[in-house]
Amino acid sequence: MNLIWLSDIDASMIELVGGKAAGLGELIRAGERVPDGFCLTVEPYRSRDLPEKELAEAYERLGGGRVAVRSSATAEDLPEASFAGQQDTYLNIEGAAELAAAIRRCWDSLFTERAVAYRAAAGVTEAAMAVVVQRMVDPVVAGVLFTANPVTGCRVETVVDAAPGLGTAVVEGTVVPDHHVLRQGTPAVPNPDGCLDAGQLEELRAAGARLQAHFGSPQDVEWAIDAEGTLWLLQSRPVTTLFPQPPDTGDTRLYLEAGHTQGMLRPCTPMGVSVLKAGAALWFEAAGARVDPRDPLPRMVPIGGRIFFDLTDFLRSRALRARLGPSLEVYGPRVQSAVLHMLDDPRFAPRPGLPFDVGVALRATLRLLPLTVAGVVWSLADPALARARAYRGAARIRRMIEPPDASATAAERLRWVAEDSHKGIMSLGLHGILGPLVAGMLAGTLPAALLKGVATDEELGAVLGGMPHNVTTEMDLRLWGLAVRAREHRELFLGTPPEELAARYVAGELPDIGMAGFLDRYGMRAAAEIDVGVPRWADDPAPLFATIANYLRVDDPEQAPDARFAAAAARAERTIGTLTRRALRRRPVRGLPAVFLMRRSRELTGLRELVKFAWLPAIQAARRQLLLAGADLAARGRLERADDIMFLTLDEARAAAAHEGTDQRRLVAARRAEYERELRRPVVPGALLSDGTDVEALAPAPPARDGVLAGMPGATGRATGRARVIRDPAGARIEPGEILVAPTTDPGWTPLFMTAGGLVTETGSPVAHGPTVAREYGIPAVICVRGATHTIRTGQTITVDGTAGTVLLEPADRPSG
């Protein structure tokens, strides 16, 4: 089929007519007013044979005269990618010959540089081009309508931009439009010098509401109003940039994204969330809390695959709201400011009472406090013994993991994952780890308060450099040791893709550099490792081979990771000596405990990574059992493949494993597609309202400084170098001395730090894994730099000031305009 009239098209025909034509056909079917026209399908494009006679006949049937010729690619106006402006449109085309030429130009626009790059970023591998031909509308005013606010994400606001004449000026951004934000329940008020009156604004709002209801999601609508006042709809497509809206509770809620502080911005699989909740519930039960088995942690809410904490009841608590500020510092200044800004919002007006059961809190405190205080005291008294006990506790937790045997059914494996896999790690005192951990955190942070006015921030940061007894640092240094052993096979490891090296390692075809021993101890790790749905390094060691290749590029002995770590440790010892003399001279009363704590921090603060390290074997064991259960369910036709189980919750997997089990393949396919879309999301809001509003967008903007990006200090020091923007550590390459710019970091990223000159992240907390490891390597780090991976380009020269919390774009590299 070469030609089809728009009135005969519906949404099911997208592969034949492309996204724009499918949307226009749906508008007509919904009873909306759309300019007459037809679609040249993808078949002539694929054959590269333009049916000019058939095209001319359709043009004459349309009435001839001026028409709009509009691209309609199969990868266009999709729920996950709009492709706005990526292909070409030609207006006021007249005559059959000019029409044919315009269609060929539309075909060619599928392969412009911008369109190819956009498809690659959206994960679209194939596309074909149909072309829409429509009667021209002569508009008095035209523009764009969004049925949700595209800037803030608010779903109860409609945004209208208009300009006189054709709407292309609004779409292309070449005019200052007549701009309106219409809030639900509030009458439309026209601008004094605007193009639209109140009646037209209400007509546009009503049209947007109809389209959103018809298509089932917020819409981006192009429209025009002619000289007779008639509203024409020219296009409607999904608004693709909105972060998913929280579940509807019938109340205004505020959610805080939990992954920001721990360096995890990628989505968590449904099974990952389910296992996290089930495991954490065991700890709360041990602490004396009552847990609802249907939803063990109701304040932990998955939104867009990310884990958010429902902060609403704390924000409304008259007793607690004033104390929120300090607790939000770990989220960085932007999120902290945004959330505190909401204290003035009447929807979060203070109420009496507390957001938790006081009796439960007292019982938990009585159980936990004595254990913790005793652990802190004996850890500070004898740190070597405390470390030994903590390491024995981690080993004990690992021994307590006893998975089902090979004869277990899928249902038995799922029961073990839900009820038994986390019993060891979720004990109240974490088998002796908690006391040394808290002691180390206190020893690492209290000197800053005791030495205020005596020590600089940079000196206090230096004290934490080259910190021993950190399992993540030890892992990174051991990986460096593998790279040293790989030097005699340098060309092999540098010249072979990481995926091929991983396959050859599994096949036993690589030289022995010690990878087996490394994976035996650290194979449970990965980026986003708290998600049971994510493959471990033991499953796929390709990221490790990519890192080894990075290490092999280090040719300056002083930049070797072990040398840098040793230099940071030596600097820490020198700084402690300097501060000791200065503090005892100036402030002896506070100086004595400060010196004691600085010394103890060198023996205990590195243990902060041990709890997570002790937790990972349980996650790895649970993953193995889930994959075995998934294989069983796939064999029974309830899943397509074993790892599909990661896109179910524990309850859904149990339903599939039952005797007359549920076929979950359709549900899994939908969730896997949603997960893959979310993997490509570049920005995740740190705080979110239940109407979809990104709370940061409501906060007052910080003062702008030319060429300076403001963030938060993560690790002190200053470094200048070329930026390397990396969004996923798997297979990433970074040259020695380059500044790593990333959305976030967790332990799976830290091997890249060992040759980096500095670190910049969009999220994080000073106590999160990334900044902690950066401090230990003596690498300056700035965190919470909003939009860093988009503002900074690979190859730009930047200066990272980890003490001030700023990133300077060198003058020659600043974006123009």
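Above this text is the structure in question.
To start, this report covers the structure provided alongside it. (Residues numbered from 1 in each chain as written. Predicted model: local features only at pLDDT ≥ 70, side-chain atom pairs only at ≥ 80, totals over all residues. Heavy atoms only, no water.)

## Overview of the overall build of the protein chain
Secondary structure assignment for the protein chain yields 28 helices and 22 strands. Here the protein chain has a C-alpha radius of gyration of 30 Å; the compact-globule value for 817 residues is 28 Å, and the two agree. Oriented by its inertia axes, the alpha-carbon framework of the protein chain measures out at about 90 × 60 × 60 Å. Expressed as a percentage of contacts within the protein chain between residues at least 6 apart in sequence, the contacts between residues at least 24 apart total 70%. Here the protein chain contributes 91 positively and 99 negatively charged side chains, and the mean placements of these two sets differ by 9 Å. (Helix = DSSP H or I, 4+ residues; strand = E, 2+ residues; numbered from the N terminus. Rg over C-alpha atoms; globule rule 2.2 N^0.38 Å. Contact = heavy atoms within 4.5 Å. Lys, Arg positive; Asp, Glu negative; His and termini not counted. Charge placed at Lys NZ, Arg CZ, Asp CG, Glu CD.)

## Some remarks on helix α4 (residues 96–108)
Look at α4: 19 Å from first C-alpha to last across 13 residues, which is about the 18 Å you get at 1.5 Å a residue. Considering only its buried residues, α4 is in contact with β2 (37–40), α2 (42–47), α3 (52–61), β3 (67–73), β4 (89–93) and β5 (129–135). (Expected span 1.5 Å × (residues − 1).)

## Things to note about the packing of aromatic side chains
Scanning all chains against the criterion turns up 12 aromatic pairs. The interplanar angle of 70° and the centroid separation of 5.3 Å between the aromatic rings of tryptophan 5 and phenylalanine 38 together place this pair among those described as edge-to-face. With tryptophan 5 in strand β1 (residues 3–5) and phenylalanine 38 in strand β2, this pair connects stretches of sequence that are 33 residues apart. There is no split in this pair, since tryptophan 5 and phenylalanine 38 are both buried. Aromatic side chains phenylalanine 647 and tyrosine 675 sit 5.4 Å apart centroid to centroid with 75° between the ring planes, which places their arrangement in the edge-to-face category. With phenylalanine 647 in the loop between α24 (610–635) and α25 (650–657) and tyrosine 675 in helix α26 (residues 665–679), this pair connects stretches of sequence that are 28 residues apart. With a relative accessible area of 5%, phenylalanine 647 lands in the buried category. Taken together through their ring pairs, the aromatic side chains of Phe518, Tyr522, Trp537 and Phe613 make up a single cluster. Sitting over the ring of tyrosine 90, arginine 105 keeps its end group 4.4 Å from the ring centre. The aromatic ring of tryptophan 378 is capped on one face by arginine 389, whose charged end is 4.4 Å from the ring centroid. (Phe/Tyr/Trp six-rings, centres within 6.5 Å; stacked < 30°, edge-to-face > 60°. Buried < 20%, exposed > 50% of the residue type's maximum accessible area, 1.4 Å probe, protein only. Lys NZ or Arg CZ within 6 Å of the ring centre and 35° of its normal.)

## Brief notes about the packing of helix α13 (residues 383–399) against α24
One can describe the packing of α13 onto α24 by two numbers: an axis separation of 8 Å at closest approach and a directional angle of 20°. Viewed along their axes, α13 and α24 adopt a mutual orientation that is roughly parallel. Once α13 is placed against α24, the crossing between them reads as right-handed. Contacts from Ala390, Tyr391, Ala394, Ile397 and Arg398 of α13 reach α24 at Leu610, Ala614 and Pro617. (Axes fitted to C-alpha atoms, helices over the stretch in contact; angles between N-to-C directions. Parallel < 35°, antiparallel > 145°, perpendicular 65-115°, else oblique. Left-handed = near helix turned anticlockwise from the far one by under 90°.)

## Description of the pairing of strand β18 (residues 739–742)
The alternating pattern of β18 places Ile739 and Val741 on one face and Leu740 and Ala742 on the opposite face, and all of these are buried. Pairing of strand β17 (residues 718–725) with β18, which is carried by three bridges, proceeds in the parallel orientation. Bridge assignment links alanine 723 to a residue of β18, and that residue is isoleucine 739. Examined bridge by bridge, β18 and strand β19 (residues 758–761) share four bridges and lie parallel to one another. Paired with valine 741 across the bridge in β19 is valine 760. (Pairing = 2+ DSSP bridges.)

## Description of the environment of isoleucine 734
Checked against the element boundaries, isoleucine 734 lands in the loop between β17 and β18. Between the C-alpha atoms of isoleucine 734 and leucine 369, which are 365 residues apart in sequence, the distance is 45 Å. Discounting residues that sit within four places of it in the chain, isoleucine 734 has contacts with Asn550, Arg724, Ile726, Leu740, Leu752, Thr755 and Ala756.

## Comments concerning the nonpolar core
Judged by nonpolar contacts, the single largest core of 106 residues is most densely connected at Met271, Phe518, Ile548, Leu626, Ile645, Leu740 and Phe753. A per-element tally of this core places α24 first, with 13 residues. Beyond its immediate chain neighbours, meaning those up to four positions away, leucine 740 contacts Arg724, Ile726, Ile734, Trp749, Leu752, Phe753, Ala756, Gly758, Leu759 and Val760. Within the second largest apolar cluster, 57 residues are counted, among which are Val17, Tyr45, Leu62 and Val141. (Core = buried A, V, L, I, M, F, W, Y, C linked by side-chain atoms within 4.5 Å.)

## What about the pattern of salt bridges?
Two side chains that carry opposite charge are able to pair once their charged atoms sit near each other. Counted according to the given criterion, the structure contains 52 salt bridges. A salt bridge links glutamate 458 to arginine 571, with the nearest nitrogen and oxygen atoms 3.7 Å apart. With a gap of 113 residues between them, glutamate 458 in helix α16 (residues 457–463) and arginine 571 in helix α22 (residues 561–586) connect regions that are remote in the sequence. A residue is classified by how much of its surface remains accessible, and glutamate 458, at 35% relative accessible area, is partly exposed. Exposure remark for arginine 571: the relative accessible area of 33% places this residue in the partly exposed category. Salt bridges sharing common partners tie together Asp251, Arg253, Arg299, Asp310, Asp313 and Arg316. (Salt bridge = Lys/Arg side-chain N within 4 Å of Asp/Glu carboxyl O.)

## Topic: the packing of α22 against helix α23 (residues 588–604)
For any two helices packed against each other, one specifies the crossing angle of their axes together with the interaxial distance. At a minimum axis distance of 8 Å, the contact between α22 and α23 shows a crossing angle of 165°. It follows from the interaxial angle that α22 and α23 lie roughly antiparallel. Here α22 and α23 pass one another in a crossing that is left-handed. In contact with Ala569, Ala572, Glu573, Ile576, Leu579, Thr580, Ala583, Leu584, Arg585 and Arg586 of α22, α23 contributes Pro588, Gly591, Leu592, Val595, Met598, Arg599 and Arg602. Tallied by class, the residues present in the contact of α22 with α23 amount to 10 nonpolar, two polar and five charged. (Nonpolar A, V, L, I, M, F, W, Y, C, P; charged D, E, K, R; others polar.)

## Remarks on a nonpolar patch on the surface
Residues Leu354, Phe356, Val358 and Leu362 make up a contiguous nonpolar surface patch of roughly 350 Å² in combined accessible area. Of note, leucine 362 is situated in helix α12 (residues 358–381). (Patch = residues over 30% accessible without salt bridge, like charges linked within 9 Å, V, L, I, M, F, W, Y side chains within 5 Å. Areas by Shrake-Rupley, 256 points an atom, 1.4 Å probe, with all protein chains shown as cover.)

## Topic: the sheet that holds strand β7 (residues 157–164)
Strand order in the open sheet made by the five strands is β8-β7-β6-β9-β10, with antiparallel pairing throughout. Whereas interior strands pair on both sides, the edge strands pair on one side only; in this sheet they are β8 (178–183) and β10 (231–238). Neighbour to neighbour, the strand axes of the sheet diverge by 20° on average, direction disregarded. Sheet analysis places strand β9 (residues 219–226) next to β10, joined by seven bridges and oriented antiparallel. Looking across to β10, one finds that aspartate 220 is bridged to arginine 237.

## A word on the sheet that holds strand β20 (residues 781–783)
If you walk across this open sheet you meet the eight strands as β15-β22-β21-β17-β18-β19-β20-β16, and the pairing is mixed. Strands at the two margins of the open sheet, each flanked by one partner only, are β15 (708–710) and β16 (712–715). Averaged over all adjacent pairs, the angle separating strand axes in this sheet is 30°, with direction ignored. As judged from the four bridges shared by strand β21 (residues 797–801) and strand β22 (residues 806–809), these two strands associate in the antiparallel manner. Bridge pairing in β22 links aspartate 801 to threonine 806.

## Some details on unusual backbone geometry
Despite not being glycine, arginine 48 has its phi angle at roughly 55°, a positive value. Considering the arrangement of structural elements, one finds arginine 48 in the loop between α2 and α3. Judged by its relative accessible area of 46%, arginine 48 is partly exposed. One non-glycine residue with positive phi stands out, namely alanine 528, at about 55°. Along the polypeptide, alanine 528 turns up in the loop between α20 (515–522) and α21 (542–552). Accessibility expressed as a relative area gives 3% for alanine 528, which makes it buried.

## Points about the state of the cysteines
Using the criterion set out here, one finds zero disulfides in the structure. Of the cysteine sulfurs around cysteine 106, a residue in no disulfide, the closest is that of cysteine 39, at 11 Å. (Disulfide = S-S within 2.5 Å.)

## Observations concerning the side chain of arginine 413
Following the sequence through the fold, arginine 413 ends up in helix α14 (residues 410–419). We note that arginine 413 is buried and unpaired, the nearest opposite charge coming from aspartate 405 at a distance of 6.1 Å. Engagement of the side chain of arginine 413 in a polar contact is seen with the side chain of glutamine 625, the distance being 2.7 Å. (Polar contact = N/O pair within 3.5 Å; in protein donor to acceptor, adjacent residues only side chain to side chain.)

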